[in-house]
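A closer look at the structure
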Amino acid sequence: MKKLSIIALLMTVIGMLLWQPQLASADELTGHSHEQGLRYLISKDALIKDAKGSYRPNDNVTRGEFASYLAKSMNLQTTSDMVFKDVPDTYVHAKGIKLAASAGIITGYGDGSFKPNAVISRQHMAVMLERAIDYLKIPKGTSSITFKDNAAIYKDYRQAVAIGAQLGIIQGSNGNFMPEKNATIGQSSSFILRLMQLAGDPDAGEPNDGNSNSGGSNDGNTSGGNTTGPSKYAVKEISNGALVGNQGFSTFEAAEKAMTKNTQVIVQSDKIVKMSSGIVVTNNYVALKSETINDALSVAANTEMEYLSSDATQVKVRLAGQVGYLKHADVTLIPFSMSKGRSYYSNENGEIKHTLYDYKTNKYSSSYVFGKAPAFMKQGERYYSWDGIYFTNSSGSSKGDAYNYYQFLPARAQTKYTAQEIDAYIMKKLAEVESTGVSRYKDATKKSKLIGLGKTLKNVEAKSQINAMLVLSLAQHESAYGMSDHAQDLNNLFGLYVYDTNPANKKFDSVIDNVNELVDKFLQPNYITPGGYFANGATIGSKALGFNIKYASDPFWGSKIAGHYYRAEKALGFKDARNPYTVGLTTTSGLNVRTGAATSFSPLFTYARSGMPVIITSSATNGWYEVLSDKLHTSTAFVSKDYVKVINTVK
């Protein structure tokens, strides 16, 4: 018995020794459906334990966490001075957020925030992942994958979802994608694991169709061709609007050396990647990092930009004077001689008309009038412009420059129309759109949220010194004359908190509250006051200057709003244009606007950039202009005449 007890004891001890390592390795992630992805994030120092020692795999992932996971998994290294006002340096994921923002993978909100602690929906995650795909240069091609609930996916995000599904990075369940559903930390880890497997990260292992339980799709897991050999380039000749020849090269540099004529292009997989000159068109919404103002610009799909140059990975473009770079996957290069059409301006009975070209359908898609035509524009001729200011003919010869008065009139201008006149115009315009028979405008004269807005707008003008007609024009454009769903259901006339990358549905108690929020939280602090987060000139403007640089991705948003102002003027007798303001542009950076007409007076504010529009209220005295202050200020302000150029506005 004694020998037996010793043997039994030894067996027990051996058993404990054998079992103990298993106990030590087991944790909350062991056996988890997303264990592989979670451990991958841990290996990258991306996923850390909370104060209770948990990785929280089943908690919803936040915007800040997901951005940081991507930054660390992708080993992003370069940061810019891009900051978000709600992401202090002390925030736990601050560095990762800045890295992701610098790489163009994330964008913020219109008020300068990022909302790092807000949970992220699956469709917003898909958008970030698509940008990461482009950054990592993972071939993605095009995709026709759709889900049963495709209509529930925000329309501008459907391609990102389709690309992610095609590559097997994101998946659905029973044919549904569930775009508004939040993802857990575990699910997000699997998305990132699959992304990095396609990118070839050895730490991520090989792609595995069944490594996750995030809601398997029956679409399959296609790699998008990332297993092919080195990319091949070809130099081709443009002949009668087509590409001929196929001189092959193994590298972009070799192909570039072989280009000897302006009629030659470099092609990769039937896509032009270098040309001598032409048009660059955005395939989808992009964020263009402008080197000109050191800021990111939101740019809508189908936007024409001027081609400057390109290499194997990116294209250098100019958009309304803003120079920056975009990845080849984001754009299409079209030599002038191969373009089947192009957006143009024309003189139609004395008015300037802008006709837009759709490069996906190769058809002219829409047009709008936004003011009187400049004197140099002749009827029957087409004019072209990269910025809506400087115009050429089809051969590129300069024909003149023109600043539309309503588009470049600073916001501090006061309209001469009364509240009663504004209300009368609103009702006249509503009757006009109602008579078109378009279903959206049915009963507009009874239901529009613009009805009776005149008094509110004039109160804003008196209190906040912001042009009432400008605010009305903005409301008309953004709310479909007060009949859009956001206007009708949420009292939101201005698209506040409705962004290309994160549409929200904030409801306002009243239209008056909505107008006050626009003024107090957006225009006044951020867009008009110098030094504001988005202050690029106190005018609706264009992508060259003004609100349009940051307010909307549509490069023609400013001119379209100017069109609303112009049509109101036309209906009401051009009271504002008959006695117009004199508008000038500053010509130097760091220009002080002072409380008196001498350098001995204190600066009221400083224009950081040159090219800022100012309203000149009196002729120069002792070398100084009296101007309206962009900073809310009841007294006069002054600026040196030597640094302001008066412009001729068309009105």
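Residues numbered from 1 in each chain as written. Predicted model: local features only at pLDDT ≥ 70, side-chain atom pairs only at ≥ 80, totals over all residues. Heavy atoms only, no water.

By way of backbone hydrogen bonds, the strands of a sheet pair with one another, either parallel or antiparallel. In spatial order, the strands read 12-13-14; together these three strands make up an open sheet with antiparallel pairing. Sheet topology places strand 12 (344-348) and strand 14 (363-372) at the edges, where each strand pairs with a single neighbour. Taken pair by pair, the neighbouring strands of this sheet meet at an average axis angle of 30°, ignoring direction. Pairing analysis gives five bridges linking strand 12 to strand 13 (residues 351-358), with the strands arranged antiparallel. Within strand 13, the residue paired with Glu 348 across the bridge is Glu 351. Strands strand 13 and strand 14 of the sheet are contacted by helix 16 (residues 557-572), whose axis makes an angle of about 50° with strand 14. (Pairing = 2+ DSSP bridges. Helix = DSSP H or I, 4+ residues; strand = E, 2+ residues; numbered from the N terminus. Axes fitted to C-alpha atoms, helices over the stretch in contact; angles between N-to-C directions. Contact = heavy atoms within 4.5 Å.)

Quick look at the confidence of the model for the protein now. Looking at the protein as a whole, its pLDDT mean stands at 88, while 90% of the residues score no less than 70. Here residues 1-25 is modelled with pLDDT under 50, and outside its nearest four sequence neighbours on either side it reaches one contact, counting other chains as well. (pLDDT = per-residue confidence, 0-100.)

Turning to helix 16, a few remarks are in order. Over its 16 residues, helix 16 extends 23 Å from the first C-alpha to the last, a length consistent with the 22 Å expected when each residue adds 1.5 Å. Here helix 16 has its buried residues at Trp 557, Gly 558, Ser 559, Ile 561, Ala 562, Gly 563, His 564, Tyr 565, Tyr 566, Ala 568 and Glu 569. Among the residues trailing helix 16, Gly 573 stands out with phi positive, at a value near 100°. (Expected span 1.5 Å × (residues − 1). Buried < 20%, exposed > 50% of the residue type's maximum accessible area, 1.4 Å probe, protein only.)

Moving on to the layout of surface pockets. One number sums up the size of the second largest pocket: a volume of about 350 Å³. Looking at the second largest pocket, it is lined by 22 residues, and the ones nearest its centre are Phe 336, Arg 342, Tyr 384, Thr 392 and Ser 394. Elements with a contribution of two residues or more to the lining of the second largest pocket: strand 5 (278-282), strand 8 (304-310) and strand 15 (390-392). For the lining of the second largest pocket, the leading source of residues is strand 15, giving three residues. Partitioning the lining of the second largest pocket into residue classes produces eight nonpolar, eleven polar and three charged. (1 Å grid on protein atoms, 1.4 Å probe; cavity = no way out; pocket = protein on both sides within 12 Å on 5 of 7 lines; lining within 4 Å. Points joined across faces, edges and corners; volume = space filled by probe spheres on them. Nonpolar A, V, L, I, M, F, W, Y, C, P; charged D, E, K, R; others polar.)

Another point: the pattern of salt bridges. Summed over all chains, the structure comprises 17 salt bridges. Taking the shortest distance from any N to any O, the salt bridge between Glu 237 and Lys 261 comes out at 3.3 Å. Of this pair, Glu 237 sits in strand 1 (residues 233-239) while Lys 261 sits in the loop between helix 8 (252-258) and strand 3 (264-268), placing them 24 residues apart in sequence. When the shortest N-O distance is used, the salt bridge between Glu 256 and Lys 274 registers 3.4 Å. Residue Glu 256 is located in helix 8, and its partner Lys 274 is located in strand 4 (residues 271-274); the two are separated by 18 residues in the primary sequence. What makes Glu 256 partly exposed here is its relative accessible area of 33%. Looking at Lys 274, the relative accessible area reads 14%, which means it is buried. Each of Lys 44, Asp 201 and Asp 203 takes part in one network of salt bridges that share partners. (Salt bridge = Lys/Arg side-chain N within 4 Å of Asp/Glu carboxyl O.)

Time to look at the side chain of Asn 536. Among the secondary structure elements, Asn 536 is positioned in the loop between helix 15 (511-528) and helix 16. Residue class for Asn 536 comes out buried when judged on its relative accessible area of 6%. Non-local contacts of Asn 536, meaning those with residues more than four positions away in its chain, are made with Ile 293, Tyr 527, Leu 545, Gly 546, Ile 549, Lys 550, Arg 609 and Met 612.

For the rest of this paragraph, the subject is the pairing of strand 10 (residues 322-327). Note: strand 6 (residues 286-290) against strand 10, two bridges, orientation antiparallel. From the neighbouring strand, Ser 290 faces strand 10, where its bridge partner is Gly 324. The sheet contact formed by strand 9 (residues 314-319) and strand 10 spans six bridges and is antiparallel. From the neighbouring strand, Leu 319 faces strand 10, where its bridge partner is Gln 322. Between strand 9 and strand 10, which follow one another and run antiparallel, lie two residues, and Ala 320 among them has a positive phi close to 50°.

Membership of the largest hydrophobic core comes to 64 residues, with the highest contact counts inside it found for Phe 494, Leu 518, Phe 547 and Tyr 551. Listing elements by their share of this core, those giving two or more residues are helix 9 (405-408), helix 10 (419-434), helix 12 (454-464), helix 13 (468-479), helix 15, helix 16 and strand 18 (582-586). Dropping the residues within four chain positions of it, Tyr 551 is found in contact with Leu 474, Glu 478, Phe 494, Leu 496, Leu 518, Tyr 527 and Trp 557. The next biggest cluster of nonpolar side chains, apart from the first, holds 56 residues, and it includes Ile 97, Leu 99, Ala 103 and Ile 120. (Core = buried A, V, L, I, M, F, W, Y, C linked by side-chain atoms within 4.5 Å.)

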